[in-house]
Amino acid sequence: PGSQIPLHSHPDMEVLCRVLFGSARYTSCDIEPAVVKTVGGKPLRRLTNLVDTEVTGPFTEEVGPHDGNVHEITATSQNGMAFFDVITPPYRSKVPFYRCNVEGLVEEVSVDFYSGGFEKRMCDYHGARPDLAAVDAACLDKHELTEEEQQLVYAAKARNKRWRRYQL
């Protein structure tokens, strides 16, 4: 629990986020275009249309290019969670990341701001269009890991320092 993909957006893109198993806190919002104030040369903007919900897989969230596109995913289940995103069209620019201050205002930050436990990797998908009905059917009754799957996760954690840093 607690592993997180920090607050970020996919400008002008549609995102289909599928939680395969486990549970997560899914927060989405929009950022008002007007600058509320500037601190240290950085513009701060206000969050709007905030939706904060707990979801359990199988679950699918669709995010449009201009509605709830700013989002954050935090794992909450004890046995880990897995999800995948289908994003279209392909990236043409960097993914903006944000930090929210105590006033509820956000500023854009570099992904390096989250260097204490977040790494971003990109790859192109050239396969067939996903059959979401088949994915949904395959995920039925698979909300929690089996004992054997739990042992595989624990063994991977023991072998790999990165797993220890990202508690599942």
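Just so it is clear, the model here is predicted, and its values are computed rather than measured.

Participant: Describe the pattern of salt bridges, and please don't skip the residues or the numbers.
Facilitator: In total, this model carries 4 salt bridges according to the counting rule given. Measuring nitrogen to oxygen at the nearest pair gives 3.4 Å for the salt bridge that ties Glu 107 to Lys 42. Taken as a pair, Glu 107 in strand β9 (residues 105-109) and Lys 42 in strand β4 (residues 42-56) lie far apart in primary sequence, 65 residues in all. Here Glu 107 falls in the buried class, since its relative accessible area comes to 8%. Linked by salt bridges that have partners in common, Lys 42, Arg 99 and Glu 107 make up one network.

Participant: Lay out unusual backbone geometry with the relevant residues and their values.
Facilitator: The omega torsion across Gly 57 and Pro 58 is 0°, close enough to zero to call that bond cis. Within the secondary structure, Pro 58 sits in the loop between β4 and β5 (59-63). Of note, Asp 12 is a non-glycine position whose phi angle comes to about 60°, a positive value. Not every positive phi belongs to a glycine, and Asn 49 is a case in point at roughly 55°. In this structure, Asn 49 sits in strand β4.

Participant: Which residues make up the sheet that holds strand β7 (residues 82-88), and what values do they have?
Facilitator: Spatially, the 3 strands line up as an open sheet ordered β5-β2-β7, and their pairing is antiparallel. If you trace the sheet from one side to the other, it starts and ends with β5 and β7, each paired once. When strand polarity is set aside, the average angle formed by the axes of neighbouring strands in this sheet is 15°. Bridge count for strand β2 (residues 14-21) against β7 is 7 bridges, and the pairing is antiparallel. When the sheet's bridge partners are listed, Phe 21 is paired in β7 with Ala 82.

Participant: Can you tell me about the nonpolar core, naming the residues and giving the values?
Facilitator: Val 15, Cys 17, Val 19, Ala 24, Tyr 26, Val 55, Val 63, Ile 73, Ala 75 and Met 81 form the largest nonpolar core, which has 10 residues in total. Among the elements of the structure, β2, β3 (23-39) and β6 (70-75) are those that each provide at least two residues to this core. In terms of residue count, β2 provides more of this core than any other element does, 3 residues in total. Contacts of Val 55, omitting those with residues within four sequence positions, involve Val 19, Gly 22, Ser 23, Ala 24 and Tyr 26.

The rules behind each value
- Residues numbered from 1 in each chain as written.
- Predicted model: local features only at pLDDT ≥ 70, side-chain atom pairs only at ≥ 80, totals over all residues.
- Heavy atoms only, no water.
- Salt bridge = Lys/Arg side-chain N within 4 Å of Asp/Glu carboxyl O.
- Helix = DSSP H or I, 4+ residues; strand = E, 2+ residues; numbered from the N terminus.
- Buried < 20%, exposed > 50% of the residue type's maximum accessible area, 1.4 Å probe, protein only.
- Pairing = 2+ DSSP bridges.
- Axes fitted to C-alpha atoms, helices over the stretch in contact; angles between N-to-C directions.
- Core = buried A, V, L, I, M, F, W, Y, C linked by side-chain atoms within 4.5 Å.
- Contact = heavy atoms within 4.5 Å.

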